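Coordinate inspection notes
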Amino acid sequence: MGSPNDSTDPNATHPDASGTPPVPATRAGREGLDALLARPGKALIALDFDGTLSPIVPDPEQARAHPGAVRALAALAPEVASVAVITGRPPAVAVRHGGFADVPGLERLVVLGHYGTERWNAATGDITAPAPHPGVAAVRAELPGLLERAGAPEGTWTEEKGRAVAVHTRRTADPQAALEALREPLTGLAQRHGLVVEPGRMVLELRPPGMDKGVALAEYAREIGAGSVLYAGDDLGDLPAYAAVDRLRSDGVPGLLVCSGSDEVTELRERADVVVDGPEGVVHLLEALARALPHGPNERMTE
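Criteria and thresholds
Residues numbered from 1 in each chain as written. Predicted model: local features only at pLDDT ≥ 70, side-chain atom pairs only at ≥ 80, totals over all residues. Heavy atoms only, no water. Helix = DSSP H or I, 4+ residues; strand = E, 2+ residues; numbered from the N terminus. Contact = heavy atoms within 4.5 Å. Areas by Shrake-Rupley, 256 points an atom, 1.4 Å probe, with all protein chains shown as cover. Lys, Arg positive; Asp, Glu negative; His and termini not counted. Charge placed at Lys NZ, Arg CZ, Asp CG, Glu CD. Pairing = 2+ DSSP bridges. Salt bridge = Lys/Arg side-chain N within 4 Å of Asp/Glu carboxyl O. Buried < 20%, exposed > 50% of the residue type's maximum accessible area, 1.4 Å probe, protein only. Right-handed = clockwise from strand over helix to strand, strands pointing away. Axes fitted to C-alpha atoms, helices over the stretch in contact; angles between N-to-C directions. Left-handed = near helix turned anticlockwise from the far one by under 90°. Nonpolar A, V, L, I, M, F, W, Y, C, P; charged D, E, K, R; others polar. pLDDT = per-residue confidence, 0-100. Core = buried A, V, L, I, M, F, W, Y, C linked by side-chain atoms within 4.5 Å.

**Topic: the overall build of the chain**
When you go through the chain residue by residue, the secondary structure sums to 10 helices and 12 strands. Across its three principal axes, the chain shows a C-alpha extent of roughly 60 × 40 × 40 Å. Taking the intrachain contacts of the chain between residues at least 6 apart in sequence as the baseline, contacts between residues at least 24 apart amount to 70%. Counting only carbon and sulfur atoms, one obtains 52% of the accessible surface of the chain, whose full area is about 12600 Å². Placing the 28 positive and 42 negative side-chain charges of the chain at their respective mean positions leaves the two points 4 Å apart.

**Looking at the sheet that holds strand S1 (residues 43–47)**
The 8 strands lie next to each other as S5-S4-S3-S2-S1-S10-S11-S12, forming an open sheet whose pairing is mixed. Of all strands in the sheet, those with a lone pairing partner are strand S5 (127–128) and strand S12 (274–276), marking the two edges. Bridge analysis of strand S4 (residues 118–121) against S5 gives 2 bridges, and the strand direction is antiparallel. Pairing of arginine 119 across the sheet is with threonine 128, part of S5.

**Here's the deal with the pattern of salt bridges**
Note that side chains of opposite charge can pair when their charged atoms are close. Within the structure shown, the criterion is met by 16 salt bridges. Across the pair glutamate 198 and arginine 207 runs a salt bridge, and its minimum N-O distance is 2.7 Å. Summarising the burial analysis for this pair, glutamate 198 and arginine 207 share the class buried. Each member of the salt-bridge network shares a partner with another, and the members are Asp246, Arg249, Arg271 and Asp273.

**Description of the pairing of S1**
Of all the 5 residues making up S1, 5 are buried; the element is thus mostly covered by neighbouring parts of the structure. Going residue by residue along S1, you find Ala43, Ile45 and Leu47 tucked away on one face and Leu44 and Ala46 tucked away on the opposite face as well. Pairing between S1 and strand S10 (residues 228–233): 5 bridges, direction parallel. The residue bridging leucine 47 from the neighbouring strand is alanine 232, located in S10. The sheet contact formed by S1 and strand S2 (residues 82–86) spans 4 bridges and is parallel. Bridge assignment links alanine 46 to a residue of S2, and that residue is alanine 84. Between S1 and its parallel partner S2, the chain crosses via helix H2 (residues 69–76), and the hand of that crossover is right-handed.

**A closer look at the packing of helix H6 (residues 213–224) against helix H7 (residues 239–250)**
Axis separation between H6 and H7 bottoms out at 6 Å; the angle between their running directions is 40 degrees. Considering how the two elements wind past one another, H6 and H7 form a crossing that is right-handed. For the pair formed by H6 and H7, the contact residues are Lys213, Gly214, Leu217, Ala218 and Ala221 on the first element and Pro240, Ala241, Ala244, Val245 and Leu248 on the second. Broken down by class, the residue content of the contact of H6 with H7 amounts to 8 nonpolar, 1 polar and 1 charged.

**A closer look at the confidence of the model for the chain**
Across the chain, pLDDT averages 89, with 91% of residues at or above 70. For the stretch residues 1–11, pLDDT sits under 50, and the model shows 36 contacts to residues farther than four places along the chain or on other chains. Taken together, the stretch residues 296–303 has pLDDT below 50 and engages in 23 contacts with residues farther than four places along the chain or on a different chain.

**Re the sheet that holds strand S8 (residues 196–200)**
Read across the sheet, 4 strands follow the order S6-S7-S9-S8 without closing on themselves; strand pairing throughout is antiparallel. Whereas interior strands pair on both sides, the edge strands pair on one side only; in this sheet they are strand S6 (157–160) and S8. Sheet twist, expressed as the average angle between the axes of neighbouring strands with direction ignored, equals 25 degrees. As paired strands, S8 and strand S9 (residues 203–207) are joined by 5 bridges and run antiparallel to one another. Each residue of the ladder has a partner; that of glycine 200, found in S9, is valine 203.

**Things to note about the nonpolar core**
Core analysis: the largest hydrophobic core is formed by 40 residues, its most contacted members being Ile45, Leu47, Leu53, Phe100, Leu106 and Leu286. Counting residues per element, this core draws most heavily on H2, which supplies 7 residues. Residue contacts for leucine 106: discarding those within four places in its chain leaves Val70, Leu73, Ala74, Ala77, Phe100 and Ala122.

Right under this line is the structure:
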C-alpha cells in the first residue's frame, strides 16, 4: 500500500524502451523470470491489490485498480497457468474495485480474499468460504469502547472487512504516533479472542490466525502445480508471500519477487528482485511480460 502522493522511487527499475521486462537484481530473480518466460503455461502470476494494482487513497472504499491493470492482466492471463489476486479484502470487494468480473481473457483469474480464506473464481463467478471465526464478532463489539479508553485521536477509524476488522490512523494528525499508541491495546484485544494483529501502513488489522498471504500463495501454487511464481506486493502483509516464494525456490520452483515501490515501507524493496514505481510500474511490468512471452503480444495489448 502506498501513500496518495507517493513520489517516484529512485531505486525502481523499468521495462526498457522496447517494452522488455527489467533485469532482476538477483540471480534467483533472473532464474524466476527465465522460467516464467520459457514455460508461461506453468507460471503463476500473483499480486496484492491495494498499493500494487490499486493506488492507495485515504478512504479504502474509494480505491480502484489502476486504469491499465485489467487490460494488462487480460493480455497476460491467457498465456499463463493462472493469475491470482491475494488480498486482505473480502473477495467481492476486490472484484468490484478491480473491475475483474466478466472480462474476456481473465477466465483464469482467482481472487484469494481475506488472506486466502475466501476465493472468487472468474470462470464461475462463485465465492467459496468457510464459517467465520467467532472472535471477529466479539472484537467488533468491544472495539469502540477500547478505542475510547485508549484515547484514539480524532481521525482514527475502523474498516469493516467481514472476516476481520481494521483500525486506520492515516487520517489522524500524527498517523505513526497514533498507530504505535494503539498497537498494544489492539494486540491485547485480539489475543483475548483468538485473533492476531496484522500490521500495515498506518493500519492494524485484527483477523483470525492461520492464514496469511504466504499460506494462501503456497497452497494455491501447489494446487495448480505451478512451475514458476511471480509475486508482486508493497506492504508488510506481503512479507509472508515473499517468504513463501523463498521456500518454493528452495523446493525447486523458480520465483520472482516484485516490489511496488513507495516511500512508506522499505522492507519489501530491500528483498525484491525487481522494484517498480507503484501500481503504474506494476502495470508496465505486466505489459512487458505479455509482450515477451513466446506467443507475442495479445490482441488486447495492441488495441
